[in-house]
Amino acid sequence: MIERILFPVDFSQSCVAIAPFVKRAATIFQSRVSLLYVCDLASHNGFELYLRSVQEIAEEHWSVALRKLDSFLESDFPISSCARILRSGDTVEQIATVAKTDGFDLIVMPTHAGRFRRILLGSTAAKVLDDVDCPVLTAEHTKVIVPKPLKHRKWLCALAINEDSERVLGFANHAASVSGAELSLIHVLPNSMSAKADGIDEERECRRIAELQGAVGSDATLHITRGPVKDALLEAARQTSSDVLIVGRSQSGSLGRLRDLTYGVIRDAPCPVLSV
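Small disclaimer: the values here were computed from a predicted structure and weren't measured.

**Observations regarding the pattern of salt bridges**
Then, in step 1: Within the structure shown, the criterion is met by 10 salt bridges.
Then, in step 2: Residues Lys-23 and Asp-76 are paired through a salt bridge, measuring 3.4 Å at the closest nitrogen-oxygen approach. One end of the pair, Lys-23, is in helix H1 (residues 13-29); the other, Asp-76, is in the loop between helix H3 (54-71) and strand E3 (84-88), and 53 residues separate them in sequence.
Then, in step 3: Taking relative accessible area as the criterion, Lys-23 reaches 35% and is therefore assigned partly exposed.
Then, in step 4: Residue class for Asp-76 comes out partly exposed when judged on its relative accessible area of 29%.
Then, in step 5: A salt bridge links Arg-208 to Glu-205, with the shortest nitrogen-to-oxygen separation between them at 3.1 Å. With Arg-208 and Glu-205 both in helix H8 (residues 195-216) and three residues apart, this pair spans about one turn of that helix.
Then, in step 6: The exposure class assigned to Arg-208 is partly exposed, which follows from its relative accessible area of 36%.
Then, in step 7: Look at Glu-205 and you get buried, because its relative accessible area is 6%.

Pasting the structure below:
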């Protein structure tokens with residue numbers, strides 16, 4: 001299911017910190033990992049142009065980037081078994097292009113502490129979430145992060161009731177089955193002033209989710225709660241000690257509240273988020 005993992009890198013401490021998550025995912029799914037770096041061949045200062053041509057500067061940048069990429073995290077991802085991919089141009093565009101044309105099944109990347117939290121829409125991670133079709137796994141906003149032990153596989157899937165629900169649940173159920181993870185579901189209902197209405201809403205949603213589970217062959221435990229969606233999802237992830245929170249990411253490039261909610265969950269989650 002997840003045979004090839006793309007790991008975009010920029011040689012930062014955030015990439016070093018997320019490497020254990022990449023290795024963990026590769027071990028769980030028995031996947032091959034490829035490292036991708038996108039370099040800027042056009043960057044130079046005025047002084048350089050006095051000494052060399054633009055072409056010579058670009059060739060040197062490419063050569064330096066290739067050496068850095070080959071040696072980056074070499075002990076964790078040996079170059080003999082983990083391919084290196086070097087591209088130039090716009091970072092997000094190249095990540096999306098490589099992921100699609102080379103048939104990658106999962107992208108794993110950090111969200112970069114600080115900048116991602118403060119300027120979400122301006123971050124590379126946020127733009128990748130918008131532009132790629134394959135699942136994306138993002139980790140917490142810290143430079144020192146350690147994944148739970150490999151045997152700890154508690155996954156929580158946030159499930160809405162919409163046209164995308166069956167696809168998201170099907171992916172989560174199959175991935176959990178393949179990896180031997182314990183999957184549970186969380187569905188959030190809006191607050192209601194009427195206790196009777198609360199009961200009717202919950203019963204109706206339970207039936208609908210039961211139908212979805214039947215359609216994809218899932219028997220995951222279902223938790224239904226009320227309140228602000230983001231807060232409820234993050235609290236559920238903490239309470240269940242989940243090591244992955246799975247959320248749906250619209251396949252139609254939708255804007256507005258749905259996208260903002262996904263960004264907010266990824267930004268503040270206490271565990272890695274797998275958006276599908």
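**Thoughts on helix H7 (residues 165-179)**
Then, in step 1: Here H7 contains 15 residues, and its C-alpha end-to-end distance of 21 Å stays within 8% of the 21 Å for a straight helix at 1.5 Å per residue.
Then, in step 2: Listed in full, the buried residues belonging to H7 are Ser-165, Val-168, Leu-169, Phe-171, Ala-172, Asn-173, Ala-175, Ala-176 and Ser-179.

**A word on helix H6 (residues 124-131)**
An α-helical turn contains 3.6 residues, so a residue and the one three or four places further along point in the same direction.
Then, in step 1: Along H6, the residues classified as buried are Ala-125, Ala-126, Val-128 and Leu-129. Buried residues of H6, viewed axially, fall in a sector of 160 degrees; they line one side.

**A look at the nonpolar core**
Then, in step 1: With 48 residues, the main nonpolar core has Ile-5, Phe-7, Val-9, Val-33, Phe-77 and Trp-155 as its most contacted residues.
Then, in step 2: Ranked by the residues each element gives to this core, the list is headed by H1, at nine residues.
Then, in step 3: Grouped together as the second largest cluster of nonpolar side chains are 36 residues, Val-92, Val-128, Cys-134 and Cys-271 included.

**Re the packing of aromatic side chains**
Then, in step 1: As enumerated under the stated definition, the model contains four aromatic pairs in all.
Then, in step 2: Relative to Tyr-37, the ring of Phe-11 lies with its centre 4.5 Å away and its plane at 40 degrees, an arrangement referred to as tilted. Of this pair, Phe-11 sits in the loop between strand E1 (4-8) and H1 while Tyr-37 is found in strand E2 (residues 32-39), placing the two residues 26 residues apart along the sequence.
Then, in step 3: Look at Phe-29 and Trp-155: their rings are 6.2 Å apart centre to centre, the planes differ by 45 degrees, and that puts the pair in the tilted class. Of this pair, Phe-29 sits in helix H1 while Trp-155 sits in strand E6 (residues 154-158); the two residues are 126 residues apart in sequence, bridging distant segments of the chain.

**Observations concerning the environment of Ala-99**
Then, in step 1: Residue placement: Ala-99 occurs in helix H4 (residues 91-101).
Then, in step 2: Among the residues examined, Ala-99 registers a relative accessible area of 5% and is labelled buried.
Then, in step 3: Sequence spacing of Ala-99 and Phe-7 is 92 residues, and the spatial spacing of their C-alpha atoms is 10.0 Å.
Then, in step 4: Filtering out sequence-adjacent residues up to four positions away, Ala-99 remains in contact with Leu-6, Phe-104, Ile-107 and Cys-134.

**Quick look at unusual backbone geometry**
Then, in step 1: Even without being glycine, Gln-30 reaches a positive phi, approximately 55 degrees.
Then, in step 2: Tracing the backbone shows Gln-30 in the loop between H1 and E2.
Then, in step 3: Here Gln-30 falls in the exposed class, since its relative accessible area comes to 73%.
Then, in step 4: The phi torsion at Ser-241 lies on the positive side, around 55 degrees, for a residue other than glycine.
Then, in step 5: Note that Ser-241 resides in the loop between helix H9 (229-239) and strand E9 (244-247).
Then, in step 6: Relative accessible area serves as the criterion here: at 32%, Ser-241 is assigned to the partly exposed category.

Parameters and conventions
- Residues numbered from 1 in each chain as written.
- Predicted model: local features only at pLDDT ≥ 70, side-chain atom pairs only at ≥ 80, totals over all residues.
- Heavy atoms only, no water.
- Salt bridge = Lys/Arg side-chain N within 4 Å of Asp/Glu carboxyl O.
- Helix = DSSP H or I, 4+ residues; strand = E, 2+ residues; numbered from the N terminus.
- Buried < 20%, exposed > 50% of the residue type's maximum accessible area, 1.4 Å probe, protein only.
- Expected span 1.5 Å × (residues − 1).
- Arc of directions from axis to C-beta.
- Core = buried A, V, L, I, M, F, W, Y, C linked by side-chain atoms within 4.5 Å.
- Phe/Tyr/Trp six-rings, centres within 6.5 Å; stacked < 30°, edge-to-face > 60°.
- Contact = heavy atoms within 4.5 Å.

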